[in-house]
Amino acid sequence: MSLAESIAHLNPADPHLWVSLLTLTFLEIVLGIDNIIFISIITGKVALSQQRGVRNAGLGIAMLFRIVLLLMITWIIGLKDPVLTLNWIDDPLTNEAIALSWKDIILLCGGIFLVGKSTVEIHHKMRADETEHSENKKPNKTKGVASILIQIVLIDAIFSIDSILTAVGLVENVMIMIIAVIISMFIMMLFSGAVSRIINNHPTLQMLALSFLVVIGVVLIAEGIHQHVSKSIIYSCLAFSLGVEMLNIKLRNRMNKKKRV
(Lines give C-alpha, C1' and ligand atoms only; values in the text may rest on other atoms or scores of the structure.)
Protein backbone atom coordinates (compact mmCIF):
# COMPACT_ATOMS: atom_id res chain seq x y z
CA MET A 1 0.00 0.00 0.00
CA SER A 2 1.46 3.37 -1.04
CA LEU A 3 1.60 6.41 1.25
CA ALA A 4 -1.24 8.16 -0.63
CA GLU A 5 -3.44 5.07 -0.34
CA SER A 6 -2.57 4.75 3.35
CA ILE A 7 -3.66 8.34 4.02
CA ALA A 8 -6.87 7.80 2.04
CA HIS A 9 -7.72 4.73 4.13
CA LEU A 10 -7.30 6.55 7.47
CA ASN A 11 -10.59 6.85 9.29
CA PRO A 12 -10.35 8.62 12.70
CA ALA A 13 -13.75 7.17 13.66
CA ASP A 14 -12.47 3.61 13.28
CA PRO A 15 -11.58 2.20 16.76
CA HIS A 16 -9.27 -0.39 15.15
CA LEU A 17 -7.10 2.45 13.89
CA TRP A 18 -6.53 3.79 17.41
CA VAL A 19 -5.92 0.31 18.84
CA SER A 20 -3.37 -0.37 16.10
CA LEU A 21 -1.70 3.00 16.67
CA LEU A 22 -1.43 2.54 20.46
CA THR A 23 -0.21 -1.05 20.12
CA LEU A 24 2.42 -0.16 17.54
CA THR A 25 3.56 2.94 19.49
CA PHE A 26 4.01 0.85 22.63
CA LEU A 27 5.89 -1.78 20.62
CA GLU A 28 8.20 0.85 19.11
CA ILE A 29 8.99 2.19 22.59
CA VAL A 30 9.76 -1.31 23.92
CA LEU A 31 11.94 -2.12 20.90
CA GLY A 32 13.62 1.26 21.31
CA ILE A 33 14.80 0.54 24.87
CA ASP A 34 17.96 -1.07 23.49
CA ASN A 35 18.58 2.04 21.41
CA ILE A 36 18.10 4.40 24.37
CA ILE A 37 20.50 2.37 26.54
CA PHE A 38 23.16 2.34 23.82
CA ILE A 39 22.78 6.08 23.13
CA SER A 40 22.77 6.94 26.86
CA ILE A 41 26.02 5.08 27.49
CA ILE A 42 27.87 6.26 24.41
CA THR A 43 26.85 9.93 24.80
CA GLY A 44 28.27 9.86 28.34
CA LYS A 45 31.69 10.36 26.72
CA VAL A 46 30.95 13.88 25.45
CA ALA A 47 30.77 17.09 27.45
CA LEU A 48 27.71 17.40 29.70
CA SER A 49 26.50 20.47 27.77
CA GLN A 50 26.50 18.44 24.52
CA GLN A 51 24.88 15.23 25.77
CA ARG A 52 21.26 16.29 25.34
CA GLY A 53 21.87 17.53 21.80
CA VAL A 54 23.72 14.36 20.81
CA ARG A 55 21.01 12.12 22.36
CA ASN A 56 18.24 13.97 20.53
CA ALA A 57 20.26 13.93 17.31
CA GLY A 58 20.70 10.18 17.64
CA LEU A 59 17.01 9.56 18.25
CA GLY A 60 16.13 12.02 15.47
CA ILE A 61 18.35 10.09 13.07
CA ALA A 62 16.62 6.87 14.15
CA MET A 63 13.19 8.44 13.50
CA LEU A 64 14.14 9.69 10.02
CA PHE A 65 15.79 6.38 9.18
CA ARG A 66 12.65 4.42 10.12
CA ILE A 67 10.35 6.76 8.20
CA VAL A 68 12.53 6.39 5.09
CA LEU A 69 12.48 2.60 5.49
CA LEU A 70 8.68 2.64 5.86
CA LEU A 71 8.40 4.55 2.59
CA MET A 72 10.52 1.78 1.04
CA ILE A 73 8.36 -0.97 2.52
CA THR A 74 8.37 -3.12 -0.63
CA TRP A 75 12.17 -3.20 -0.58
CA ILE A 76 12.16 -4.02 3.15
CA ILE A 77 9.89 -7.01 2.62
CA GLY A 78 12.26 -8.19 -0.12
CA LEU A 79 15.06 -8.37 2.46
CA LYS A 80 13.59 -11.70 3.60
CA ASP A 81 14.47 -13.41 0.29
CA PRO A 82 17.49 -15.79 0.62
CA VAL A 83 20.76 -14.59 -0.93
CA LEU A 84 23.35 -16.83 0.77
CA THR A 85 23.37 -20.45 1.96
CA LEU A 86 25.42 -21.78 4.88
CA ASN A 87 25.88 -25.47 4.14
CA TRP A 88 27.63 -26.21 7.45
CA ILE A 89 24.73 -25.00 9.66
CA ASP A 90 21.31 -26.68 9.70
CA ASP A 91 18.07 -24.81 10.24
CA PRO A 92 16.45 -26.27 13.41
CA LEU A 93 12.98 -26.09 11.82
CA THR A 94 13.70 -27.60 8.40
CA ASN A 95 16.91 -29.57 9.13
CA GLU A 96 18.28 -28.09 5.92
CA ALA A 97 21.20 -25.72 5.30
CA ILE A 98 20.45 -22.20 6.53
CA ALA A 99 19.64 -19.73 3.75
CA LEU A 100 20.49 -16.19 4.80
CA SER A 101 18.57 -13.17 3.56
CA TRP A 102 19.85 -9.60 3.61
CA LYS A 103 17.85 -9.14 6.80
CA ASP A 104 19.71 -12.08 8.40
CA ILE A 105 23.08 -10.73 7.25
CA ILE A 106 22.28 -7.27 8.66
CA LEU A 107 21.20 -8.81 11.98
CA LEU A 108 24.39 -10.88 12.11
CA CYS A 109 26.61 -7.87 11.42
CA GLY A 110 24.64 -5.75 13.87
CA GLY A 111 24.85 -8.40 16.58
CA ILE A 112 28.61 -8.78 16.13
CA PHE A 113 29.01 -4.98 16.20
CA LEU A 114 26.91 -4.66 19.36
CA VAL A 115 28.72 -7.48 21.19
CA GLY A 116 32.12 -6.09 20.17
CA LYS A 117 31.23 -2.47 21.01
CA SER A 118 29.69 -3.37 24.38
CA THR A 119 32.67 -5.55 25.30
CA VAL A 120 35.08 -2.73 24.43
CA GLU A 121 32.98 -0.31 26.53
CA ILE A 122 33.05 -2.71 29.51
CA HIS A 123 36.84 -2.96 29.17
CA HIS A 124 37.02 0.84 28.89
CA LYS A 125 34.96 1.30 32.07
CA MET A 126 37.21 -1.15 33.94
CA ARG A 127 40.28 0.92 32.99
CA ALA A 128 38.65 4.33 33.32
CA ASP A 129 40.91 5.43 36.16
CA GLU A 130 44.00 4.75 34.06
CA THR A 131 42.81 6.46 30.89
CA GLU A 132 40.01 9.03 31.07
CA HIS A 133 41.11 10.49 34.41
CA SER A 134 44.68 11.08 33.31
CA GLU A 135 45.58 14.74 33.77
CA ASN A 136 47.78 14.72 30.72
CA LYS A 137 45.06 13.40 28.38
CA LYS A 138 42.67 15.93 26.84
CA PRO A 139 40.15 14.20 24.58
CA ASN A 140 38.98 15.91 21.40
CA LYS A 141 35.27 16.46 22.04
CA THR A 142 34.48 17.48 18.45
CA LYS A 143 36.00 14.31 17.07
CA GLY A 144 34.21 12.38 19.81
CA VAL A 145 30.80 13.74 18.81
CA ALA A 146 31.34 12.86 15.14
CA SER A 147 32.50 9.35 16.06
CA ILE A 148 29.55 8.85 18.40
CA LEU A 149 27.02 10.00 15.78
CA ILE A 150 28.49 7.53 13.27
CA GLN A 151 28.14 4.70 15.79
CA ILE A 152 24.57 5.78 16.57
CA VAL A 153 23.72 5.75 12.85
CA LEU A 154 25.12 2.21 12.52
CA ILE A 155 23.21 0.82 15.48
CA ASP A 156 20.06 2.76 14.46
CA ALA A 157 20.20 1.01 11.09
CA ILE A 158 20.17 -2.41 12.78
CA PHE A 159 17.43 -1.64 15.29
CA SER A 160 15.35 0.20 12.68
CA ILE A 161 15.22 -2.72 10.26
CA ASP A 162 14.30 -5.16 13.04
CA SER A 163 11.62 -2.75 14.29
CA ILE A 164 10.15 -2.11 10.82
CA LEU A 165 9.93 -5.81 9.97
CA THR A 166 8.08 -6.37 13.25
CA ALA A 167 5.69 -3.48 12.52
CA VAL A 168 4.93 -4.83 9.04
CA GLY A 169 3.65 -8.02 10.64
CA LEU A 170 1.19 -6.09 12.83
CA VAL A 171 -0.14 -3.22 10.71
CA GLU A 172 -0.65 -2.86 6.96
CA ASN A 173 -1.22 0.91 6.85
CA VAL A 174 2.13 2.69 6.32
CA MET A 175 0.81 6.02 7.63
CA ILE A 176 -0.12 4.44 10.98
CA MET A 177 3.42 3.05 11.19
CA ILE A 178 4.92 6.48 10.49
CA ILE A 179 2.73 8.19 13.11
CA ALA A 180 3.60 5.49 15.66
CA VAL A 181 7.33 5.94 14.97
CA ILE A 182 7.11 9.73 15.37
CA ILE A 183 5.10 9.52 18.64
CA SER A 184 7.37 6.84 20.12
CA MET A 185 10.54 8.78 19.25
CA PHE A 186 9.24 11.99 20.87
CA ILE A 187 8.35 10.01 24.00
CA MET A 188 11.83 8.48 24.05
CA MET A 189 13.40 11.93 23.58
CA LEU A 190 11.36 13.15 26.56
CA PHE A 191 12.61 10.41 28.88
CA SER A 192 16.07 9.72 27.42
CA GLY A 193 17.66 12.45 29.57
CA ALA A 194 16.42 10.88 32.81
CA VAL A 195 17.50 7.40 31.65
CA SER A 196 20.91 8.73 30.68
CA ARG A 197 21.44 10.50 34.03
CA ILE A 198 20.47 7.40 36.02
CA ILE A 199 22.73 5.11 33.98
CA ASN A 200 25.74 7.46 33.93
CA ASN A 201 25.50 8.34 37.63
CA HIS A 202 25.69 4.70 38.74
CA PRO A 203 28.67 2.66 37.47
CA THR A 204 27.00 -0.64 38.39
CA LEU A 205 23.97 0.28 36.28
CA GLN A 206 26.32 1.05 33.39
CA MET A 207 27.79 -2.44 33.67
CA LEU A 208 24.31 -3.96 33.82
CA ALA A 209 23.22 -1.98 30.75
CA LEU A 210 26.35 -2.93 28.81
CA SER A 211 25.92 -6.58 29.76
CA PHE A 212 22.32 -6.35 28.55
CA LEU A 213 23.54 -4.96 25.23
CA VAL A 214 25.92 -7.93 24.92
CA VAL A 215 22.92 -10.23 25.41
CA ILE A 216 20.92 -8.30 22.79
CA GLY A 217 23.85 -8.63 20.39
CA VAL A 218 23.92 -12.40 20.95
CA VAL A 219 20.14 -12.50 20.35
CA LEU A 220 20.59 -10.62 17.05
CA ILE A 221 23.28 -13.10 15.99
CA ALA A 222 21.00 -16.00 16.92
CA GLU A 223 18.11 -14.46 14.97
CA GLY A 224 20.43 -14.01 12.01
CA ILE A 225 21.06 -17.77 11.85
CA HIS A 226 17.36 -18.60 12.45
CA GLN A 227 17.75 -19.51 16.13
CA HIS A 228 14.73 -17.85 17.72
CA VAL A 229 15.15 -16.48 21.24
CA SER A 230 12.13 -15.15 23.14
CA LYS A 231 12.67 -11.45 23.71
CA SER A 232 10.04 -11.45 26.45
CA ILE A 233 12.34 -13.71 28.49
CA ILE A 234 15.30 -11.40 27.84
CA TYR A 235 13.37 -8.30 28.92
CA SER A 236 11.98 -10.14 31.98
CA CYS A 237 15.52 -11.03 33.06
CA LEU A 238 16.59 -7.42 32.53
CA ALA A 239 13.66 -6.13 34.60
CA PHE A 240 14.50 -8.57 37.42
CA SER A 241 18.21 -7.63 37.34
CA LEU A 242 17.31 -3.95 37.28
CA GLY A 243 15.03 -4.41 40.30
CA VAL A 244 17.81 -6.15 42.25
CA GLU A 245 20.30 -3.43 41.30
CA MET A 246 17.92 -0.67 42.43
CA LEU A 247 17.67 -2.40 45.83
CA ASN A 248 21.50 -2.55 45.95
CA ILE A 249 21.73 1.17 45.14
CA LYS A 250 19.20 1.98 47.84
CA LEU A 251 21.11 -0.17 50.35
CA ARG A 252 24.46 1.46 49.47
CA ASN A 253 22.95 4.95 49.84
CA ARG A 254 21.56 4.03 53.26
CA MET A 255 24.92 2.62 54.38
CA ASN A 256 26.74 5.75 53.17
CA LYS A 257 24.35 7.95 55.16
CA LYS A 258 25.03 5.92 58.29
CA LYS A 259 28.79 6.28 57.78
CA ARG A 260 28.50 10.06 57.45
CA VAL A 261 26.49 10.21 60.66
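Note that the structure is a prediction, hence the values are computed from the model and not measured.

## Here we look at a nonpolar patch on the surface
A contiguous nonpolar patch, built from V68, L71, M72 and W75 and spanning about 390 Å² of accessible area, is present on the exposed surface. Relative to the helices and strands, L71 is located in helix 4 (residues 48-71).

## Quick look at the pattern of salt bridges
Applying the stated criterion to the full structure yields one salt bridge. A salt bridge links E245 to R252, with the shortest nitrogen-to-oxygen separation between them at 3.1 Å.

## Here's the deal with helix 10 (residues 231-260)
Over its 30 residues, helix 10 runs 43 Å from end to end, which matches the ideal 44 Å to within 8%, given 1.5 Å per residue. All buried positions along helix 10 are accounted for by I234, Y235, L238, E245 and I249.

## Considering the packing of helix 8 (residues 174-201) against helix 9 (residues 203-224)
Close contact between helix 8 and helix 9 brings their axes to 5 Å; oriented N to C, the two are set at 110 degrees. With respect to each other, helix 8 and helix 9 are oriented roughly perpendicular. On the side of helix 8, the interface is formed by I198, I199, N200 and N201, while helix 9 contributes P203, L205 and Q206. The residue inventory of the contact of helix 8 with helix 9, partitioned by class, reads four nonpolar, three polar and no charged.

## Points about the environment of M72
Here M72 is to be found in the loop between helix 4 and helix 5 (73-78). Residue M72 is classed as partly exposed on the basis of its relative accessible area of 37%. Remark: the alpha-carbon pair of M72 and V174, spanning 102 residues in sequence, is separated by 10.0 Å.

Each value, and the rule that gives it
- Residues numbered from 1 in each chain as written.
- Predicted model: local features only at pLDDT ≥ 70, side-chain atom pairs only at ≥ 80, totals over all residues.
- Heavy atoms only, no water.
- Patch = residues over 30% accessible without salt bridge, like charges linked within 9 Å, V, L, I, M, F, W, Y side chains within 5 Å.
- Areas by Shrake-Rupley, 256 points an atom, 1.4 Å probe, with all protein chains shown as cover.
- Salt bridge = Lys/Arg side-chain N within 4 Å of Asp/Glu carboxyl O.
- Helix = DSSP H or I, 4+ residues; strand = E, 2+ residues; numbered from the N terminus.
- Expected span 1.5 Å × (residues − 1).
- Buried < 20%, exposed > 50% of the residue type's maximum accessible area, 1.4 Å probe, protein only.
- Axes fitted to C-alpha atoms, helices over the stretch in contact; angles between N-to-C directions.
- Parallel < 35°, antiparallel > 145°, perpendicular 65-115°, else oblique.
- Contact = heavy atoms within 4.5 Å.
- Nonpolar A, V, L, I, M, F, W, Y, C, P; charged D, E, K, R; others polar.

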